[in-house]
Each structure stands twice: as structure tokens, then as C-alpha cells.
Amino acid sequence: MPLEYEKYLQEVLIDEASLQSRIAQLGAQINLDYAGCKNLLLLCVLKGGVMFLSDLSRHLNVPHMIDFMAASSYGIGGRQSAGSVRIDMDMRLDVKDKHVLVVEDIIDSGHTLAFVLKTLRNREPASLKLCALLNKQSRREVDIKVDYIGFDIENKFVFGYGLDLDERFRNLRFVGVARADAATDE
């Protein structure tokens, strides 16, 4: 019997082994960059970043805190940016004088992350950096400095490993490309 996601999958873009290998490399670099840091805060942008955050955190030797923020410019089922960004859930920890590393699943237009980063800068962290699993540079409309990039990808709609297809399939252990006609609202 075929797996439920298979009818929506055009191709596996990044397999599980490649994901885990690259996340380990990112963790090693972050360990070097933040060696001796006592107040590192990993801020996960929900919902998509949670898988990446969990795996990345396990590769860090640097003591760190974790918090969450949800911001969106997409509607449920949306595949194009709505243009305006809102904070759906704010973090609980104070970032003032902390070294904040924003952990994001994917950056495409950059509008959401630009808004999140501006919001965080206003809260006066000691430093602010960005770690993204996936980077769609060709879609960028806002200039954003990404300090740590897992993979640069082409402009394809992807799902799996935290990224959803109409709020489903975040649990997949790989990143796949959705077929152009894929819609789960049947």
C-alpha cells in the first residue's frame, strides 16, 4: 500500500542522511562560534523550524536556552506570501543582553524574517544571528543576512522535515518537492 504522502511527492530533494549530516556540520560551526558563551538563546520560528531546532540543539555543546515565536505571512494552505507579517505567538524569555540565534526552516521572500529580526533588534539582544535549514535565494525580496545555511534550494514548493503541505506531512524525515497539482483538500 502506498504511503499517504507519495501522491503529492514529485521528488525527494534532501534525504534524511544528508539532512542529518549537514545539521551536524552546522552544530559544529555554531559550537566554535559560540564557544564560552553563557547566554545563548535558540529562538525557533514555529511551526516549521521545530524539527530542525530539535536536531540542531542535540549537536550543540554550548549551554543554551530555547524559546519559540510564531510569525506568519501565509494563510493555512497558502503557498504564496500574503505580504503582511504578524506575530501569532510571542516568545516568553527576555532577549535583552542574550546572544540570540534564530532557527528557521526556510527563507524565501524574507518578509517574515525581516519582521522577526527587526522585532528582536528592538529588544536589545547582545547579538542576533540567523540559522536557516533551507534558503531560496531566488525568491528573496528583502535583503537578509543568513549566518548559517543548511541548503540553498531552487524555487520549488517543498514539504517534510517540519515544512507542511496544507498543515500535513511535517513529520517526514526528508524534504520533498510537491507536485505542482498537489493539494490535500480532497
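For the structure itself, look to the data block above.
Residues numbered from 1 in each chain as written. Predicted model: local features only at pLDDT ≥ 70, side-chain atom pairs only at ≥ 80, totals over all residues. Heavy atoms only, no water.

(A) Highlighting the overall build of the protein chain. Within the protein chain one finds three helices and nine strands. In the protein chain, the order of α-helices and β-strands from amino to carboxyl end is β-α-β-α-β-β-β-α-β-β-β-β. Computed over the C-alpha atoms, the radius of gyration of the protein chain is 16 Å, within 12% of the 16 Å expected from 2.2 N^0.38 for a compact globule of 186 residues. Dimensions of the protein chain, computed from the C-alpha atoms along their principal axes, are close to 50 × 35 × 30 Å. A buried classification covers 47% of the 186 residues belonging to the protein chain. Carbon and sulfur atoms make up 49% of the accessible area of the protein chain, which totals about 9500 Å². Positive and negative side-chain charges of the protein chain, numbering 23 and 27 respectively, have mean locations separated by a distance of 4 Å. (Helix = DSSP H or I, 4+ residues; strand = E, 2+ residues; numbered from the N terminus. Rg over C-alpha atoms; globule rule 2.2 N^0.38 Å. Buried < 20%, exposed > 50% of the residue type's maximum accessible area, 1.4 Å probe, protein only. Areas by Shrake-Rupley, 256 points an atom, 1.4 Å probe, with all protein chains shown as cover. Lys, Arg positive; Asp, Glu negative; His and termini not counted. Charge placed at Lys NZ, Arg CZ, Asp CG, Glu CD.)

(B) How the structure looks around the packing of aromatic side chains. With the rule as written, the count across this model stands at three aromatic pairs. Judged by centre distance (5.6 Å) and plane angle (45°), the rings of Tyr 8 and Phe 169 are tilted. Placement of Tyr 8 in the segment before β1 (9-14) and of Phe 169 in the loop between β8 (158-159) and β9 (175-178) is noted, with a sequence separation of 161 residues between them. Residue Phe 169 is classed as buried on the basis of its relative accessible area of 13%. Among the aromatic residues, those joined into a ring-pair cluster are Tyr 8, Phe 159 and Phe 169. (Phe/Tyr/Trp six-rings, centres within 6.5 Å; stacked < 30°, edge-to-face > 60°.)

(C) The packing of helix α1 (residues 16-33) against helix α2 (residues 50-58), seen in detail. At a minimum axis separation of 8 Å, α1 and α2 run at an interaxial angle of 60°. Comparing their axes, α2 and α1 come out oblique. For the pair α1 and α2, the crossing hand works out as right-handed. Contacts between α1 and α2 pair Gln 20, Ile 23, Leu 26, Gly 27 and Ile 30 from the former with Phe 52, Asp 55 and Leu 56 from the latter. (Axes fitted to C-alpha atoms, helices over the stretch in contact; angles between N-to-C directions. Parallel < 35°, antiparallel > 145°, perpendicular 65-115°, else oblique. Left-handed = near helix turned anticlockwise from the far one by under 90°. Contact = heavy atoms within 4.5 Å.)

(D) Quick look at α2. Buried within α2 are the following residues: Phe 52, Leu 53, Asp 55, Leu 56 and Ser 57. Looking at the buried side of α2, the elements it contacts are α1, β2 (40-46), β3 (64-72), β5 (99-107) and β6 (127-135).

(E) Representation of the pattern of salt bridges within the structure. If you walk through the whole model with that rule in mind, you get twelve salt bridges. A salt bridge links Lys 47 to Glu 167, with the nearest nitrogen and oxygen atoms 3.0 Å apart. Placement of Lys 47 in the loop between β2 and α2 and of Glu 167 in the loop between β8 and β9 is noted, with a sequence separation of 120 residues between them. The class of Glu 167 is partly exposed, set by a relative accessible area of 34%. In this structure, Glu 167 and Arg 170 form a salt bridge, with 3.1 Å as the shortest nitrogen-oxygen distance. When salt bridges that share partners are traced, they join Lys 47, Asp 164, Glu 167 and Arg 170 into one network. (Salt bridge = Lys/Arg side-chain N within 4 Å of Asp/Glu carboxyl O.)

(F) Up close: the sheet that holds strand β7 (residues 148-152). The strand order across the open sheet formed by six strands is β4-β3-β2-β5-β6-β7, and the pairing between neighbours is mixed. Two strands bound the open sheet, and with one partner strand each, they are β4 (86-89) and β7. Averaged over all pairs of adjacent strands, the angle between strand axes in this sheet comes to 30°, irrespective of strand direction. Across the sheet, α1 is in contact with β5, β6 and β7; its angle to β7 comes to roughly 160°. (Pairing = 2+ DSSP bridges.)

(G) Spotlight on the sheet that holds β8. Strand order across the open sheet formed by three strands is β1-β9-β8, with antiparallel pairing between neighbours. Of all strands in the sheet, those with a lone pairing partner are β1 and β8, marking the two edges.

(H) Examining the environment of Glu 124 more closely. Along the chain, Glu 124 turns up in the loop between α3 (111-121) and β6. Along the sequence, Glu 124 and Asp 97 sit 27 residues apart, while their C-alpha atoms lie 6.4 Å from each other. Sequence-distant contacts of Glu 124, that is, excluding residues within four places in its chain, are made with Val 95, Lys 96 and Asp 97.

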